[in-house]
Every structure is written in C-alpha cells, then in structure tokens.
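Understanding the architecture of this molecule
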Amino acid sequence: MRVLIAEDEYLCLVGLKSNIEDLGHQVVGVATDGLQAVEMAIEKKPDLVITDINMPSLDGIEALKKINEKLFIPGIIVSGYYDENLIKRATKEGVLYYITKPFEMRDLEIAINIASARFEEFKKLHHELKDTKKALEARKYIEKAKGILMDRMSITEPEAMKRLQKISRDNNQKLVDVANDLIKADSLFKN
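Thresholds applied
Residues numbered from 1 in each chain as written. Predicted model: local features only at pLDDT ≥ 70, side-chain atom pairs only at ≥ 80, totals over all residues. Heavy atoms only, no water. Axes fitted to C-alpha atoms, helices over the stretch in contact; angles between N-to-C directions. Helix = DSSP H or I, 4+ residues; strand = E, 2+ residues; numbered from the N terminus. Parallel < 35°, antiparallel > 145°, perpendicular 65-115°, else oblique. Left-handed = near helix turned anticlockwise from the far one by under 90°. Contact = heavy atoms within 4.5 Å. Nonpolar A, V, L, I, M, F, W, Y, C, P; charged D, E, K, R; others polar. Expected span 1.5 Å × (residues − 1). Patch = residues over 30% accessible without salt bridge, like charges linked within 9 Å, V, L, I, M, F, W, Y side chains within 5 Å. Areas by Shrake-Rupley, 256 points an atom, 1.4 Å probe, with all protein chains shown as cover. Salt bridge = Lys/Arg side-chain N within 4 Å of Asp/Glu carboxyl O. Buried < 20%, exposed > 50% of the residue type's maximum accessible area, 1.4 Å probe, protein only. Phe/Tyr/Trp six-rings, centres within 6.5 Å; stacked < 30°, edge-to-face > 60°.

Moving on, we come to the packing of helix 2 (residues 34-44) against helix 3 (residues 60-70). Direction vectors running N to C along helix 2 and helix 3 enclose 25°, while the axes themselves pass 9 Å from each other. By the angle between their directions, the pair helix 2 and helix 3 is classed as roughly parallel. Here the hand of the crossing between helix 2 and helix 3 comes out right-handed. In contact with G34, A37, V38, A41 and I42 of helix 2, helix 3 contributes A63, K66, I67 and K70. Of the residues assigned to the contact of helix 2 with helix 3, the class counts are six nonpolar, one polar and two charged.

Following this line, the structure appears as structure tokens:
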C-alpha cells in the first residue's frame, strides 16, 4: 500500500515510517501538521493515511475529515491517549481504526489489515448503493414513458413495455435512453 503518515513528533514519525516499510508498504509522504497532511493526501492520493490526533494547525481527525471531503481514503488514528470522546469523534468522522501508543509492529499490521478490509467493504457498499440509485432512476423514467404510451395509444402496460423494448432493440439504445427520449418528445407536444 501507498501510505501517508502525519505525525509531529520526529521520533514517532521515524519509527512509524520504519515499521510501515518493514511491513512491505511504501511511505509516499510524511506530514508534520494537519494542513500539510490534507494537502499531501490530495496531491499524492495514497491508499491509506495514518495520522496522530494532536498535531499543529489541524488535528488528525479533522485532517482526515477534510481529506475525505475530497477523496475517499481510509484513515487510521495513532494516539497517545485512550479517550472515549476522541474515539467516538474519530468513528463519527469515518476513521477505520484507532491505535494507542506505544504499540508494536504487529499491532500496526493488524490496524492496517482491518482498516483496508473495512474500506473495501465500504467501497463495495458505495458502488452497490450507486447502482441501486441508477436502477431506481432508470425505472422511474421507464414507468413514466410507459404511462405516456398507454395514454397516447390507449394500450395496456405490458404492450407499452413491449413497444419500449422493441424501440430499444431496433435502435440499439438503452431502455432508459429510449424512455428519456420519449418523455422529452411528449413534453414538446404538451407545450
């Protein structure tokens, strides 16, 4: 994975970078404050962002929020504090894992693996939701076009659907495109 690290403590940054590389990942950038992390993430488009919470300019949670307003990138929070309010805030902003310092390389590996797996699930759900929305939108146009044909031609719903499908096949067009064309043509006649 291509990883961006945001950590303002030099020794923690060096150790984290070393651990990530030892796990076989590539560190594509290191930021020492939240604003720099946001800019770097947008520029470099990493596969994962690992950030400390307490940083100058912008805290890690807010930085991840701003990054995800532009790009959808999984984030892991590294913190020296175990604080329920911070954990809730991080979860609310879409952070996929919260790990407390000090931690071992194995803990980091687990965090990366879980965050990656959860992110893939989110992406899959996002695509499914997008496809469902498209299908519902298409269905809405097809239903409207069928209604127009039924009114104008005094035919049944199954007959209207068959006519739309025939036009679609004959013109090698998607059914929803045929429906949209019919709706547009009908609106011209009404005006």
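Right, picking up where we left off after that structure.
With that settled, consider helix 7 (residues 175-190). Here helix 7 contains 16 residues, and its C-alpha end-to-end distance of 23 Å stays within 8% of the 22 Å for a straight helix at 1.5 Å per residue. In this structure, the buried side of helix 7 is in contact with helix 5 (105-153) and helix 6 (157-170).

In this section: a nonpolar patch on the surface. Taken together, the side chains of Y10, L11 and V14 make up a nonpolar region of the molecular surface, amounting to roughly 370 Å² of accessible area. Following the sequence through the fold, Y10 ends up in helix 1 (residues 10-22). Take Y10: its relative accessible area is 61%, and that puts it in the exposed class.

A few words on the packing of aromatic side chains. Taken as a whole and judged by the stated rule, the model has one aromatic pair. Measuring from centroid to centroid gives 4.9 Å for F72 and F119, while their planes differ by 50°, and the two rings are tilted. Placement of F72 in the loop between helix 3 and strand 4 (75-79) and of F119 in helix 5 is noted, with a sequence separation of 47 residues between them. Overall, the relative accessible area of 8% leaves F119 in the buried class.

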